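Below are the chains, spelled out letter by letter.
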Amino acid sequence: MDAHLLSWVYHPIVLATLALIIERFFSLPEHWHPLTIFRLFAKFLTDKVCHQAHGNTQQTVAGALLLGLLLLICLLPVSIIQMSAELHELTGVVWLWFAIKYKRTLNQTKLAAMALNKGQKRAARAIVSRFVPFDCEQLSQIGLAKAIFEVRLRILVVNVLAPLLAWYVSGPIAALATRLIIECHHLWPVPAPRYQHFGRAAQVLYQTIESLVLVVPALLLRPWLWLIRRRPAVALRQGQGLSLGAFMWLDSQSRLYNLSLGGPQKYHHKRLSRTRFDGTLSPQIVQNKLYLTGIWLDIIIIMQVFLCLVLFIYRP
């Protein structure tokens, strides 16, 4: 193969586009995905070292050490395979594919929205509990609608753009590490009493990743929201229970769609206060608005394909 063409094929933008297309059309079922094994392994080790009888500092240190151990155990073999593989560029596509988690969560939110639209609250609660860490047993129709829409608003930026950004900055191992940190954060939610101190390290890293990814698009939306005369932005000092990035993103999306977002959540029957963003919300509105968030991955893929064509045309 021509050297110039080969350099184009192995360009990070082309490889990332390939991983996104695979996720879009050939996403693995949840029970076949390697991250399912990671979650089971992490849960097994968590049960061994996370004990509320230990002191707060000891729990915090234990959580940080377990997070480091999990990253080491999982990423060291991946790094060895990556370095020793003859076509290491293509193995990098596999790691990025594993790091992206979009289609499975998207399909679950569709099922939850359909059940909610039919008035099947019990079924909707059972489905929502699969992709959120907080209590769903007592959620009303409005609470379920809000949970579904918030997840839909964040799966692209957190589950796709965060690994993608790590891929472009530091390569496939960083992309996979980003996904593992996100998984540990969901496994150890700090608002839950058991993980109040144990999950601190994972929470700090997750909120850092979330803010780095969400702040920029939230800021880019502000001029447009001003032009279309949406409600004023909520002051940063009123942020509560959310990272800086999540606060700014949910505020901008609430203004864009004129939807009520945020509000308190319960973890193991313990109420966590979060900033509430004003707007309207109902199961019917969520059903009507879901398609707007469902095409985001397609837009990202189209942009990536366009960049690939530009690289091909102007390759050396």
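The structure reproduced in this document is the subject of the present report. Since the structure is predicted, the reported quantities are computational estimates derived from the model, not experimental observations.

Looking only at helices and strands, one finds 13 helices and four strands in the chain. Its C-alpha radius of gyration of 20 Å places the chain within 12% of the 20 Å reference for a compact globule of 316 residues. Taking all 316 residues of the chain together, the buried fraction comes to 47%. Sequence-distant contacts in the chain: of pairs separated by 6 or more residues, those separated by 24 or more amount to 73%. Total accessible area on the chain stands at roughly 16,000 Å², and carbon and sulfur atoms take up 65% of it. Side chains of the chain give 32 positive and 14 negative charges; the mean places of these two sets differ by 11 Å.

Under the counting rule described, the total for this entry stands at nine salt bridges. Arg-194 serves as the salt-bridge partner of Asp-47, at 3.1 Å between the closest nitrogen and oxygen. With Asp-47 in helix H3 (residues 34-49) and Arg-194 in the loop between helix H9 (172-187) and helix H10 (200-227), this residue pair connects regions lying 147 residues apart in the sequence. On the accessibility criterion, Asp-47 (36% relative accessible area) is partly exposed.

With that settled, the discussion passes to the environment of Leu-70. Inspection of the secondary structure assignment puts Leu-70 in helix H4 (residues 56-84). Here Leu-70 falls in the buried class, since its relative accessible area comes to 0%. A sequence separation of 114 residues divides Leu-70 from Cys-184, and the C-alpha atoms of the two residues are 9.2 Å apart. Apart from residues no more than four positions distant in its own chain, Leu-70 is found in contact with Phe-38, Phe-41, Ala-42, Leu-45, Cys-184 and Trp-188.

All chains considered together, the criterion is met by seven aromatic pairs. Ring geometry for Phe-134 versus Tyr-267: centroids 6.2 Å apart, planes at 70°, classification edge-to-face. Taken as a pair, Phe-134 in the loop between helix H7 (121-128) and helix H8 (141-170) and Tyr-267 in strand S2 (residues 265-267) lie far apart in primary sequence, 133 residues in all. We classify Phe-134 as buried; its relative accessible area is 10%. Here a set of aromatic residues connected by ring pairs shows up, and it is made of Trp-95, Trp-97 and Phe-98. In this structure, Arg-24 is placed above the aromatic ring of Phe-25, and the distance from its NZ or CZ to the ring centre is 4.9 Å.

What follows is about the side chain of Thr-178. Mapped onto the elements, Thr-178 comes out in helix H9. A polar contact is formed between the side chain of Thr-178 and the backbone oxygen of Ala-174, at a distance of 2.9 Å. In contact with Thr-178, not counting residues within four places along its chain, are Ala-162, Pro-163, Ala-166 and Ile-209.

Look at H4 against H10: their axes get within 7 Å of each other, and the N-to-C directions meet at 60°. Between H4 and H10, the angle falls in the class oblique. Contact with H4, carried on its side by Thr-60, Ala-64 and Leu-67, involves Arg-200, Ala-201, Ala-202 and Leu-205 of H10 and no other residues of that element. Taken together, the residues that form the contact of H4 with H10 break down as five nonpolar, one polar and one charged.

What counts, and where the lines are drawn
- Residues numbered from 1 in each chain as written.
- Predicted model: local features only at pLDDT ≥ 70, side-chain atom pairs only at ≥ 80, totals over all residues.
- Heavy atoms only, no water.
- Helix = DSSP H or I, 4+ residues; strand = E, 2+ residues; numbered from the N terminus.
- Rg over C-alpha atoms; globule rule 2.2 N^0.38 Å.
- Buried < 20%, exposed > 50% of the residue type's maximum accessible area, 1.4 Å probe, protein only.
- Contact = heavy atoms within 4.5 Å.
- Areas by Shrake-Rupley, 256 points an atom, 1.4 Å probe, with all protein chains shown as cover.
- Lys, Arg positive; Asp, Glu negative; His and termini not counted.
- Charge placed at Lys NZ, Arg CZ, Asp CG, Glu CD.
- Salt bridge = Lys/Arg side-chain N within 4 Å of Asp/Glu carboxyl O.
- Phe/Tyr/Trp six-rings, centres within 6.5 Å; stacked < 30°, edge-to-face > 60°.
- Lys NZ or Arg CZ within 6 Å of the ring centre and 35° of its normal.
- Polar contact = N/O pair within 3.5 Å; in protein donor to acceptor, adjacent residues only side chain to side chain.
- Axes fitted to C-alpha atoms, helices over the stretch in contact; angles between N-to-C directions.
- Parallel < 35°, antiparallel > 145°, perpendicular 65-115°, else oblique.
- Nonpolar A, V, L, I, M, F, W, Y, C, P; charged D, E, K, R; others polar.

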